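The chain contents come next:
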There are 2 protein chains.
Amino acid sequence: MKNKIDIVGIGPGREDMMTGEALCALEQADVIVGYPLYLDLLEERFQKKERLSTPMRQEKERCILCFREAQKGKHVALVCSGDAGIYGMASLMYEIGKDYPQTELSVIPGVTAASSGASLLGAPINHDFCVISLSDILTSWVKIEKRLNAAAEGDFVIVIYNPSSHKRKDYLARACDILLCTIEEERICGYVENIGRSGTTTTICTLKELRNKKVNMVTTVFIGNTDTHVINGKLVTKRGYHLDAIRQ
Amino acid sequence: MKNKIDIVGIGPGREDMMTGEALCALEQADVIVGYPLYLDLLEERFQKKERLSTPMRQEKERCILCFREAQKGKHVALVCSGDAGIYGMASLMYEIGKDYPQTELSVIPGVTAASSGASLLGAPINHDFCVISLSDILTSWVKIEKRLNAAAEGDFVIVIYNPSSHKRKDYLARACDILLCTIEEERICGYVENIGRSGTTTTICTLKELRNKKVNMVTTVFIGNTDTHVINGKLVTKRGYHLDAIRQ
């Protein structure tokens, strides 16, 4: 019989932002594996479950831990914040899974920060958009820069994940400088800090102002497109409906 | 006192793919408004609730219906498939909401087709990606073409929503032809039909093959980037981890 690992997206952190399917997978698991911070988010509900983790940057080791636990006959749930398939562990699990053909993998999707952050700001990604991570640990900065340029050229709304870290304090400013070669200074932007956790804040500002903002690691940034406006304090990207006819 | 409308993303359709927050909003609502198909998906659980709808293409009228019901003092939930803020009704509600300052709007995010479709195919959007709709009802084809070109130039994974309809049978082929100017014919792609509903199917093929596929309206298409591969029948976009060291 094949053994089984569920790769579970838990959303931004609050239990009620998880799907029923994700909760069910965690309830059925014998062991929950994850980055320590994500295990903490689940502590209240799943304190009786066996929980295992590896530190940050030890993602490969965390994946191997999952397969080894599964080989013992345990049903394993690997938790990822947001969606397991968006900058989560799903692809690395499939890669490492080549060495463990007896283990069946399934991905359980969750609400990613582009969705949850957008909902707090208003409706900024209600039309075509790009998602770009500024982390250059696994991707060259040349490629990140190329993607920022392409996204600006295409007039996409741009959602930026991992805009900053201890070692990359100026990366958001660098990204804004690249975008400012194509996009006007007054372009409407916004960002959300600590989505789904205590201390959630939303900010709306121009691209020029965004360039000088200090944001933390768990911030999601939204760069509007040419159809993005502020309506009653909310960031809204229009889809193109003609509304004059209804305002008679 | 302000009256209240929740704009609720219900995910792909299956109840266990909704978040707890979305279910709670529907339970608390006095009236649920939505496109008839989405109301059908909720029928079993919410058959005792008042449910109102307008036909396809009458999105403005559906929004106004929500505000009028809210003005009667009812707590309204407007349901959207997937995420309410991704090609959903959130931005139109904020626009029309300018005429209804006494009504408070909140968006409840859900699992969008990019996430749910990706989870069924494997892990195709595990790195930077773009989401593009091929519907030219509200967007000019010139703009769609520009975005397809920019996405290909940026080596993004591309997720295509609304790839086809009765009146736009050849749009996916047209989009593939544009992408084929930049991307090689053998690029790995995939698509999912009827996500979260009966008759879900997944297909993996090359971009050249995708060009000649006939897909229905409720299909989500994924064009891989240069790091996308097929691993054990799954579509996986690598993030750049170096795995040789662990295979000793």
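The residue count restarts for each chain, going from 1 along the sequence in the order it is written. Working convention: letters from A go to chains and numbers from 1 go to ligands, in the order in which they are written. For a predicted model such as this one, the threshold for reporting local features is a pLDDT of at least 70, and the threshold for listing and counting side-chain atom pairs is 80 or more; totals across whole chains, interfaces and linings nevertheless cover every residue. Excluding hydrogens and water, the side-chain figures rest on all heavy atoms present in the structure.

## Looking at unusual backbone geometry
Formally: Here a strand is any run of E in DSSP of at least two residues, a helix any run of H or I of at least four, and the numbering for each starts at the N terminus.
At Asn194(A), a position not held by glycine, the phi torsion is positive, near 55°. Along the chain, the position of Asn194(A) falls in the loop between strand S9 (188-193) and strand S10 (201-206). The phi dihedral of Asn162(B) is positive, around 50°, even though this residue is not glycine.

## What to know about the state of the cysteines
Residue and element names in this part refer to chain B. In plain terms, the rule: Sulfur atoms of two cysteines make up a disulfide when they are within 2.5 Å. Each residue is assigned to one of three classes by its accessible area relative to the maximum for its type, calculated with a 1.4 Å probe on protein chains only: buried under 20%, partly exposed between the two thresholds, exposed over 50%.
With the rule as written, the count across this model stands at zero disulfides over all chains. Looking at the unpaired Cys 189, the closest cysteine sulfur is the one in Cys 205, lying at 5.8 Å. Looking at Cys 189, the relative accessible area reads 0%, which means it is buried.

## Regarding the sheet that holds strand S12 (residues 228-231) of chain B
Residues and elements named next belong to chain B. Worth spelling out the cut-off: Think of it this way: DSSP has to see at least two bridges between two strands before they count as a pair.
The strand order across the open sheet formed by three strands is S6-S13-S12, and the pairing between neighbours is mixed. Where the open sheet ends on each side, the last strands, each with one partner, are strand S6 (122-123) and S12. As judged from the two bridges shared by S6 and strand S13 (residues 234-237), these two strands associate in the parallel manner. Residue pairing in the sheet places Ala 123 in a bridge with Val 236 of S13.

## A closer look at the pairing of strand S11 (residues 219-223) of chain A
For a regular strand, side chains alternate in direction, first toward one face of the sheet and then toward the other. Residues and elements named next belong to chain A. Burial runs high along S11: five of the five residues are buried. Of the two faces of S11, the one holding Thr 219, Val 221 and Ile 223 and the one holding Thr 220 and Phe 222 are both buried throughout. Examined bridge by bridge, S9 and S11 share five bridges and lie antiparallel to one another. Following the sheet pairing, Gly 190 is matched in S11 by Phe 222.

## Overview of the relation of the copies chain B and chain A
We apply this condition: The atoms used to superpose the copies are C-alpha atoms, taken from residues with pLDDT of at least 70 in both, and the fit is least squares. Residues are treated as being in contact if the distance between any of their heavy atoms lies within 4.5 Å.
Turning chain B through 180° and shifting it by 0.0 Å along the axis lays it on chain A, with an RMSD of 0.0 Å. Both copies of the chain, as the preceding transformation shows, are related through a two-fold rotation axis. Interface overlap between copies is the fraction of interface residues in one copy that are interface residues in the other; for chain B against chain A it reaches 100%, indicating a shared surface.

## Some remarks on helix H1 (residues 20-28) of chain A
Every α-helix carries 3.6 residues per turn, so stepping three or four residues along brings you back to the same face. Turning to H1(A), its buried residues number three or more, namely Glu21(A), Ala22(A), Leu23(A), Ala25(A) and Leu26(A). Tucked into the core, H1(A) has its buried residues touching strand S1 (3-9), strand S2 (31-33), helix H3 (43-46), strand S4 (76-80) and strand S5 (103-108) of chain A.

## Details of the sheet that holds strand S10 (residues 201-206) of chain B
Counted only if it meets this: Axes, fitted as lines to C-alpha atoms, cover a helix only where it is in contact. Angles between the N-to-C directions of the axes lie from 0 to 180 degrees.
The strand order across the open sheet formed by ten strands is S10(A)-S9(A)-S11(A)-S8(A)-S7(A)-S7(B)-S8(B)-S11(B)-S9(B)-S10(B), and the pairing between neighbours is mixed. Both edges of this open sheet fall to S10 of chain A together with S10 of chain B, since each of them pairs with a single strand only. Averaged over neighbouring strand pairs, the angle between their axes works out to 15° when direction is ignored. Pairing analysis gives three bridges linking strand S8 (residues 157-161) of chain B to strand S11 (residues 219-223) of chain B, with the strands arranged antiparallel. Considered in S11(B), the bridge of Ile158(B) is made with Ile223(B). Of the strands in this sheet, S8, strand S9 (188-193), S10 and S11 of chain B touch helix H5 (residues 113-121) of chain B, which is tilted by about 70° from S11(B).

## Some details on helix H3 (residues 59-71) of chain B
Residue and element names in this part refer to chain B. What counts, and what does not: For a helix, the expected span equals 1.5 Å multiplied by the residue count minus one.
Look at H3: 19 Å from first C-alpha to last across 13 residues, which is about the 18 Å you get at 1.5 Å a residue. Inspection of H3 places Glu 59, Lys 60, Arg 62, Cys 63, Ile 64, Cys 66, Phe 67, Glu 69 and Ala 70 among the buried residues, and these make up the whole buried set. Along its buried surface, H3 packs onto strand S1 (3-9), strand S2 (31-33), strand S3 (50-52), strand S4 (76-80), helix H4 (90-96) and strand S5 (103-108). Once H3 finishes, Gly 73 follows within two positions and takes phi at roughly 95°, a positive value.

## Overview of the pattern of salt bridges
To keep things clear, this is the line we draw: We count a salt bridge whenever a side-chain nitrogen from Lys or Arg sits within 4 Å of a carboxyl oxygen from Asp or Glu.
Enumeration over the complete set of coordinates arrives at 32 salt bridges over all chains. Across the salt bridge formed by Arg45(B) and Glu15(B), the nearest N and O atoms sit 2.4 Å from each other. Of the two residues, Arg45(B) is situated in the loop between helix H2 (36-41) and S3 and Glu15(B) in the loop between S1 and helix H1 (20-28); the sequence distance between them amounts to 30 residues. Judged by relative accessible area, Arg45(B) falls into the partly exposed class, the value being 39%. Residue Glu15(B) is classed as partly exposed on the basis of its relative accessible area, which comes to 37%. In this structure, a network of salt bridges that share partners links the residues Asp128(A), Asp155(A), Asp227(A), Lys143(B) and Arg147(B).

## A look at the side chain of Arg187(B)
Residues and elements named next belong to chain B. In plain terms, the rule: We call two N or O atoms a polar contact when they sit within 3.5 Å, provided that within protein one can donate a hydrogen and the other can accept it, with sequence-adjacent residues counted only if both atoms are side-chain atoms.
Residue position: Arg 187 is located in the loop between helix H7 (171-179) and S9. We classify Arg 187 as buried; its relative accessible area is 6%. Reaching out from Arg 187, the side chain makes a polar contact with the backbone oxygen of Gly 224 at a distance of 3.0 Å. Among all residues touching Arg 187, those that are not within four sequence positions of it are Asp 155, Cys 205, Thr 206, Leu 207, Gly 224, Asn 225 and Thr 226.

## Focus on the interface of chain B and chain A
So the rule is basically this: In short, buried area is how much 1.4 Å probe accessible area vanishes from two parts on joining, totalled over both. Residue polarity follows a fixed list, in which Ala, Val, Leu, Ile, Met, Phe, Trp, Tyr, Cys and Pro are nonpolar, Asp, Glu, Lys and Arg are charged, and the others, Gly among them, are polar.
Taken together, the contact between chain B and chain A spans 71 residues of the former and 71 residues of the latter. A combined buried area of about 6,500 Å² lies between chain B and chain A, and 56% of that area is made up of carbon and sulfur atoms. A per-residue breakdown of the area chain B buries against chain A is headed by Leu138(B), Arg147(B) and Tyr241(B), which together make up 11% of the total. Along the contact surface separating chain B from chain A lie twelve salt bridges. Two residues, Glu21(B) and Arg14(A), come together in a salt bridge whose shortest N-O distance is 3.0 Å. The interface formed by chain B and chain A holds 36 residue pairs in polar contact (both at pLDDT 80 or more) in total. Secondary structure elements with two or more residues in the side of chain B that touches chain A: H1, H3, H4, H5, S6, strand S7 (129-133), helix H6 (141-153) and S13 of chain B. For the side of chain B that touches chain A, a count of residues per class yields 29 nonpolar, 22 polar and 20 charged.

So far we have only geometry, and geometry alone does not tell us how the molecule works.
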